[in-house]
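As a plain string of letters, each chain reads:
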Amino acid sequence: MLNIMKPVSYYNVEYLPNSTLKEKFGRNINWMLSLTPDQLLYNYRKNAGLDTKGTTPLTVWESPDFFFRGHFTGHYLSGASKTFVELTNTDEKDPQAVELKNRVDLIVTGLKEVQDKLSETSEFPGYLAAEPEKRFDNLEKLRFNGNHYVPYYAIQKLMDGLMDAYQYTGNQTALQLVKNLTSYVEKRMAKLTPERISAMLDTRWYQGSGQYIFHQEFGAMHRTLLRLYELTGKKEQDVFDLAEKFDRKWFRDMLINNQDKLGYYSMHSNTELVCAEGMLEYYHVTGDDQYKKGVENYMDWMHTGHELPTKGISGRSAYPAPADYGSELYDYPEMFFKHLSKLNGESCCSHDLNYLSSELFADTKDPVLMNDYEIRFINAIMAQQNNDSAIAEYLYNLSVAPNSVKHYDRGGFWCCVGSGTERHSTLVDGIYYQDNDDIYVAQYFDSILNLKDQGVKVTQDAHYPDQHFAHITVETEQPKDFTIYVRVPKWSAETTITVDGKAVKVQPENGFVAIKRNWSKKSEITINFDFQLRYQVLADRFNRIAIYYGPILLAAQKADLPASTVSAKEYLNDLEKVEGKNQFRLKGSDIIFKSLPEIPGETPYNVFVKVPEEPVAKTIDTQNDGAQFGHQWTLAVDPDKKNYLKITYSALDDDIYSFQIEDDDQVLFTQTMTKEEWPEDSYYIYPLPQSVTKGRDKLNIKIEPLDYESLNFDVADIDKIETMVATK
């Protein structure tokens, strides 16, 4: 049965004047207004052979010669359309709202001209893209020439943007353009066999065999087509049927059966994240609980095995190139240290994780989703926009190597610039939810909930988390009985709540305290949180910690942060709070720890502090090199506790070493090593899934060379192999 709780509509939530969110929202508007409709239409017009109006095109990912283009126009339409709603919530004649709607209309009109022109020559009518049809031809033929053409990714962003233009500004032409384009896609897909579609949409870089696997990214086509199906009254069965073609059985089964193989397959983080969004949308459309359960499993994987200290995701894969091609990939669960040597934490993933968290919370009321949402919003999303422009950061740098920096590119038009432009129009999303007349306050960011039809207004104005409390004003036009649920963050050990100055007993049920009463005229809720310093040990390197102050991740604004000679607990005791700020100075030094949003671009910082090894686990079995026995060992484990495998390696030559660590022929980990990326102290720790060790006292470990791309990889020389068991 579908849950009746829903996130509140954009039409009912407003930005609080003079708040940080309103400032970032305004900066994003100025960014959108700095671009012209002709620039956003340039590649589409050029592709159709139309006049480009003498316009200077956009750059890099939106340059006319880039191997895919057009995605940013879709993000722009979404951002402008949702911004129009937010602005007109407070002033129907707001001049910026009028200007943005005019721009949306101009872009949609221009896109109609493009679609009409392209339909004269395309294989089927309705084609609308900024790149030629041959991109789809090559995709269907599984052709790969070194560039990952992603035409479905680009048109999916455009389809969502057009639907937003229809839904939020009332532009009817925008909806018709989507219908036409959907008809085009339907006819293309009808030519293909199920086997070809499956191969075309297979995003697993590695599948346990030596040959290269064709790979492309197709965005949220599953979710977007289901949205169109709903938007048109669930009357177009052909649209639903087309959406199902983007619902890959192997991916669906992996989530439903709770088998996290994201790292084993070397999958692209945001590609699969938006596929989980599609599964949740399928649940919303059909009520199929299996799909919802699969998404719950996926989000649990993120929470327990893939999230960085910011609660963002993505990094390097466990494989050699081409399966490792940057910083946007999954590794095996809890394997962070080796892929934190480079950039990580793609911004798109943080936005999409919070979107999916919000949608799934409405279905499940799981407070873990909102706890992670809060930390991700404060530390990843609020750090994405530069302080003097709205250009968005692509990848964060939470490297365990020293001297990370944030890069704000002003001309890249990367995917994260697009998602950042879109999502900074809706920063007040994910705060409030409605369950019939009841209201859930899931986040404490400055905002206004205005339920005009119900005569209820809720205002938050405490400037949280700069201040350590929430102040919620509840106003009603008439006395009304309903319950307000307020979230108690997991990190806040001692939380107090008052209503109109009177204490409320804080006994959270499922993470929320219910305040049920007859609300009359005006009442004030104050929630005081327990901000304390705490630390988190890196899951696979026990001498690295990340430090938090309440929900705020702290980073040392310092190049070459010295390693600590005292324990993590003592290190926190040496941090002295800077008066009036959520910052800390390391005693006896000029080292300041502050939040990531406060650190300017191109300024060195360190998130991880190196400390003496924390007593996370103790060794229970040690063996030496087993090369003479075929790289095989039988090692003791604890059947009831968390276990770890620790392997110490010998020095390497100039070759690339890549191999798989197995237990009874089940691949547990893949390891790739080079001399240039030799691990600190020559070892790696591999957190073992408890599903592997539960009920067992021995593992049969075997290490085999990786079979990939017909390359001859070797196993690195091993000095020592150990099993460790958690001390708690």
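See above for the structure.
Residues numbered from 1 in each chain as written. Predicted model: local features only at pLDDT ≥ 70, side-chain atom pairs only at ≥ 80, totals over all residues. Heavy atoms only, no water.

Undergrad: Got a minute to help me understand the environment of Leu231 in this structure?
TA: Among the secondary structure elements, Leu231 is positioned in helix α9 (residues 221–231). Residue classification places Leu231 among the partly exposed residues on the basis of a relative accessible area of 24%. The spatial distance from the C-alpha of Leu231 to the C-alpha of Met163 is 8.5 Å, given a sequence separation of 68 residues. Apart from residues lying up to four places away in sequence, Leu231 is in contact with Met163, Tyr166, Gln167 and Leu175. (Helix = DSSP H or I, 4+ residues; strand = E, 2+ residues; numbered from the N terminus. Buried < 20%, exposed > 50% of the residue type's maximum accessible area, 1.4 Å probe, protein only. Contact = heavy atoms within 4.5 Å.)

Undergrad: What is the right way to read the pairing of strand β31 (residues 718–726) from this model?
TA: Residues in a regular strand project their side chains so that they alternate between the two faces of the sheet. Burial within β31 is extensive, with 7 of its 9 residues counted as buried. Pairing of strand β22 (residues 617–624) with β31 involves 7 bridges; the strand directions are antiparallel. When the sheet's bridge partners are listed, Asp621 is paired in β31 with Thr723. (Pairing = 2+ DSSP bridges.)

Undergrad: Explain the pattern of salt bridges to me, please; I cannot follow it from the model alone.
TA: Any two side chains of opposite charge can pair, given that their charged atoms come close. Going through the model one piece at a time under the given rule, you end up with 43 salt bridges. Between Glu680 and Arg541 there is a salt bridge, with its nearest N and O atoms 4.0 Å apart. Residue Glu680 is found in the loop between β26 (666–673) and β27 (683–688), and its partner Arg541 is found in the loop between β15 (533–537) and β16 (544–549); the two are separated by 139 residues along the sequence. Two residues, Lys675 and Asp654, come together in a salt bridge whose shortest N-O distance is 2.6 Å. Placement of the pair is Lys675 in the loop between β26 and β27 and Asp654 in the loop between β24 (643–649) and β25 (657–663), with a sequence separation of 21 residues. With relative accessibility at 42%, the residue Lys675 sits in the partly exposed group. Each of Lys82, Asp160, Asp164, Arg223, Arg227, Glu277, Asp352, Glu422 and Arg423 takes part in one network of salt bridges that share partners. (Salt bridge = Lys/Arg side-chain N within 4 Å of Asp/Glu carboxyl O.)

Undergrad: Can you help me understand the side chain of Arg541 in this one?
TA: By relative accessible area, which is 0% here, Arg541 ends up buried. Side-chain polar atoms of Arg541 contact the backbone oxygen of Glu680, separated by 3.1 Å. Here Arg541 is in contact with Phe337, Glu680, Tyr683 and Tyr684, once residues within four sequence places are set aside. (Polar contact = N/O pair within 3.5 Å; in protein donor to acceptor, adjacent residues only side chain to side chain.)

Undergrad: Would you mind going over the nonpolar core with me for this structure?
TA: Burial of nonpolar side chains together is a common tendency in soluble globular proteins. Within the largest apolar cluster, 223 residues are counted, with the highest numbers of intra-cluster contacts made by Tyr152, Tyr298 and Phe593. Residue contacts for Tyr298: discarding those within four places in its chain leaves Leu255, Leu262, Ser269, Glu272, Leu273, Ala276, Ile313, Tyr330 and Leu356. In this structure, Ala617, Tyr644, Tyr683 and Met724 belong to the second largest nonpolar core, which totals 7 residues. (Core = buried A, V, L, I, M, F, W, Y, C linked by side-chain atoms within 4.5 Å.)

Undergrad: What is the right way to look at unusual backbone geometry in this model?
TA: Phi is mostly negative for residues that are not glycine, and the peptide bonds are mostly trans. With an omega of 5 degrees, the peptide bond running from Ala321 to Pro322 counts as cis. The residue Pro322 is located in the loop between α13 (289–306) and β3 (344–346) in this model. Looking along the chain, the bond that leaves Tyr464 and enters Pro465 is cis, with omega of 5 degrees. Mapping Pro465 onto the fold places it in the loop between β8 (456–460) and β9 (469–476).

Undergrad: Teacher, can you tell me more about the packing of aromatic side chains here?
TA: How two aromatic rings sit relative to each other is set out by the distance from centre to centre and by the angle between their planes. For the coordinates displayed, the defined rule picks out 56 aromatic pairs. Where Tyr571 meets Phe593, the ring centres are 6.2 Å apart and the plane angle is 80 degrees; that geometry is what we call edge-to-face. Taken as a pair, Tyr571 in helix α17 (residues 568–573) and Phe593 in strand β20 (residues 592–595) lie far apart in primary sequence, 22 residues in all. Assigned by exposure class, Tyr571 and Phe593 land together as buried. The side chain of Arg534 reaches across the aromatic face of Tyr548, ending 4.4 Å from its centre. (Phe/Tyr/Trp six-rings, centres within 6.5 Å; stacked < 30°, edge-to-face > 60°. Lys NZ or Arg CZ within 6 Å of the ring centre and 35° of its normal.)

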